[in-house]
Amino acid sequence: MIGIFDSGIGGLTVVRELLRQVPDASFVYLGDTARTPYGNKSRETIIRYALEDAAFLVTHGATSLVIACNTLSAVAVSALREAYPQLVILDVITPAVEDALSVTRGAVGVIGTRATIGSGIYQVLLNDVVAKISEVSDKAQDVSVVTRRVSHNVRVLTQACPLFVPLVEEGWTKQVETMRIVRRYLSPLRRAQIDTLILGCTHYPMLKTQIAHAVGTRVCLVDSAESVVTRLISAGGVGTNGVQRYFFTDTSAHSVLIAQRWLHRKILPELAMLPVSL
Ligand code: DGL
């Protein structure tokens, strides 16, 4: 069974996409709602939380993990892979980078939490993939889908948007104040004339309409939640016995309500106590 986890309800954007494509998918979800957000915490704390989250999921039957959080993917993926070498562990960043490079005409924007943007992971991966593509296309005629689209220079512009996660967790997606904040964060990217924008936080698809509006409708939005689900399904890693469990470290009525609204279904929230004693 797949274990899917995030600092809070943001990873439900991955769950929603998974359920859209595989309605009877089996998974166990963990949202660390008691300690969200992760994105403004130190590296050490984020890694410790990641290991505790993974341990919980493994003791609840997870045999593979989807890190449905860019912050955890940016900071803790190596620690997780080291701790669980026997598990397939998918991060959200690599698939989003590949998808962005398959559509961009040369200017990619990335928005995320302070920890994700501060890690510099998107610049590194975007440039690494471009370098690999250039190498392949220089050596042979082996031109992949990505190669056809990407020039050898991709401009990467990043912007941390630390207020987005609390706004989403609060359910403030349609307020005028939210729209103003979205516009303020995104105006430098709009001015820089990006053609592609990676939503580098799994909470952000809940603000997709507002983000599209602020950045301009000609900009192609890459949703890291959709990108990872596509990879998960094509890797054949989705069991379908319909077991769907939702754990949260805090089950306040408010977060459950927002979760249900987002998923368009009733869920039975279960309380997770972290750390698990092994
Ligand atoms: N959904 C998480 C991400 O993708 C939010 C991080 C946070 O808790 O700040 O980065």
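Residues numbered from 1 in each chain as written. Predicted model: local features only at pLDDT ≥ 70, side-chain atom pairs only at ≥ 80, totals over all residues. Heavy atoms only, no water.

Caption draft 1: Structural context of the overall build of the protein chain. What the protein chain contains, in helices and strands, is twelve helices and ten strands. A compact globule built from 278 residues would reach a C-alpha radius of gyration of about 19 Å, and the protein chain, at 18 Å, matches this within 12%. For the protein chain, the C-alpha atoms occupy an extent of roughly 50 × 45 × 35 Å along the three principal directions. With 278 residues in all, the protein chain has 54% of them scored as buried. When the accessible surface of the protein chain is split by element, carbon and sulfur atoms take 53% of a total near 12500 Å². Side-chain charges in the protein chain split into 27 positive and 23 negative, and the spacing between the mean points of these groups amounts to 8 Å. (Helix = DSSP H or I, 4+ residues; strand = E, 2+ residues; numbered from the N terminus. Rg over C-alpha atoms; globule rule 2.2 N^0.38 Å. Buried < 20%, exposed > 50% of the residue type's maximum accessible area, 1.4 Å probe, protein only. Areas by Shrake-Rupley, 256 points an atom, 1.4 Å probe, with all protein chains shown as cover. Lys, Arg positive; Asp, Glu negative; His and termini not counted. Charge placed at Lys NZ, Arg CZ, Asp CG, Glu CD.)

Caption draft 2: Local environment of the sheet that holds strand E2 (residues 27-31). Strand order across the open sheet formed by six strands is E4-E3-E1-E2-E9-E10, with parallel pairing between neighbours. Edge positions in the open sheet fall to strand E4 (88-90) and strand E10 (269-271), since each of these has one partner strand only. Averaged over all pairs of adjacent strands, the angle between their axes in this sheet comes to 25 degrees, without regard to strand direction. With three bridges connecting them, strand E3 (residues 64-67) and E4 associate as parallel partners. Bridge pairing links Leu65 to Ile89 in E4. (Pairing = 2+ DSSP bridges. Axes fitted to C-alpha atoms, helices over the stretch in contact; angles between N-to-C directions.)

Caption draft 3: Molecular detail of the nonpolar core. Counting 49 residues, the largest nonpolar core has Ile4, Leu18, Phe27, Ile111, Ile211 and Tyr246 as the members making the most contacts within it. By size, the runner-up hydrophobic cluster in this structure holds 42 residues, among which are Val97, Ile117, Val154 and Phe247. (Core = buried A, V, L, I, M, F, W, Y, C linked by side-chain atoms within 4.5 Å.)

Caption draft 4: Here's a closer look at the site of the ligand. Residues in contact with the ligand amount to 14 residues; listed here are only the nearest, Ser7, Tyr38, Asn70, Thr71 and His203. At a separation of 2.7 Å, an oxygen atom of the ligand approaches a polar backbone atom of Tyr38. Here an oxygen atom of the ligand sits 2.7 Å away from a polar atom, N or O, in the main chain of Asn70. Here the ligand, which alone exposes 300 Å², has 99% of that area covered by the protein. If you map the ligand onto the pockets, it falls in the largest cavity. A per-class count over the shell around the ligand returns five nonpolar, eight polar and one charged. (Near = heavy atom within 4 Å. Polar contact = N/O pair within 3.5 Å; in protein donor to acceptor, adjacent residues only side chain to side chain. 1 Å grid on protein atoms, 1.4 Å probe; cavity = no way out; pocket = protein on both sides within 12 Å on 5 of 7 lines; lining within 4 Å. Sits in = over half its atoms within 2 Å of the grid points. Nonpolar A, V, L, I, M, F, W, Y, C, P; charged D, E, K, R; others polar.)

Caption draft 5: Geometry of empty space enclosed by the protein. Under the defined criterion, the tally for this structure stands at one cavity of 30 Å³ or more. Of the pockets and cavities examined, the largest cavity occupies roughly 50 Å³. Asp6, Ser7, Pro37, Tyr38, Gly39, Cys69, Asn70, Thr71, Thr113, Val165, Cys201 and His203 are the residues that line the largest cavity. When its residues are assigned to classes, the lining of the largest cavity shows five nonpolar, six polar and one charged. (Points joined across faces, edges and corners; volume = space filled by probe spheres on them.)

Caption draft 6: Region of the structure containing the environment of Gly109. Residue position: Gly109 is located in strand E5 (residues 107-112). Judged by its relative accessible area of 0%, Gly109 is buried. Residues Gly109 and Gln159 lie 50 residues apart in sequence; the distance between their C-alpha atoms is 7.8 Å. Residues within four places of Gly109 in sequence aside, it is in contact with Leu157, Ile194, Thr196, Leu197 and Ile198. (Contact = heavy atoms within 4.5 Å.)

Caption draft 7: Seen up close, the packing of aromatic side chains. Summed over the entire model, instances satisfying the criterion amount to six aromatic pairs. With 5.2 Å between their ring centres and 45 degrees between their planes, Tyr38 and Tyr49 make a pair best called tilted. Taken together, the residues Tyr38 in the loop between E2 and helix H2 (43-59) and Tyr49 in helix H2 connect sequence positions eleven residues apart. Three or more aromatic residues joined by ring pairs make a cluster, and in this case those are Phe164, Tyr185 and Tyr204. Here the guanidinium or amino end of Arg16 rests over the ring plane of Trp262, the centre of that ring lying 3.7 Å away. Positioned over the ring face of Tyr49 is Arg35, at 3.7 Å from the centre of the ring. (Phe/Tyr/Trp six-rings, centres within 6.5 Å; stacked < 30°, edge-to-face > 60°. Lys NZ or Arg CZ within 6 Å of the ring centre and 35° of its normal.)

Caption draft 8: Structural detail: the sheet that holds strand E8 (residues 220-223). Judged by pairing direction, the sheet is parallel, and its four strands sit side by side in the order E6-E5-E7-E8 without closing on themselves. A strand with exactly one partner marks an edge of an open sheet, and here the two such strands are strand E6 (155-160) and E8. With direction set aside, neighbouring strand axes in the sheet form an average angle of 20 degrees. Pairing of strand E7 (residues 196-200) with E8, which is carried by four bridges, proceeds in the parallel orientation. Opposite Leu197, over in E8, you have Leu221 as the bridge partner. Contacts from helix H11 (residues 224-234) reach E7 and E8, with the element oriented near 55 degrees to E8.

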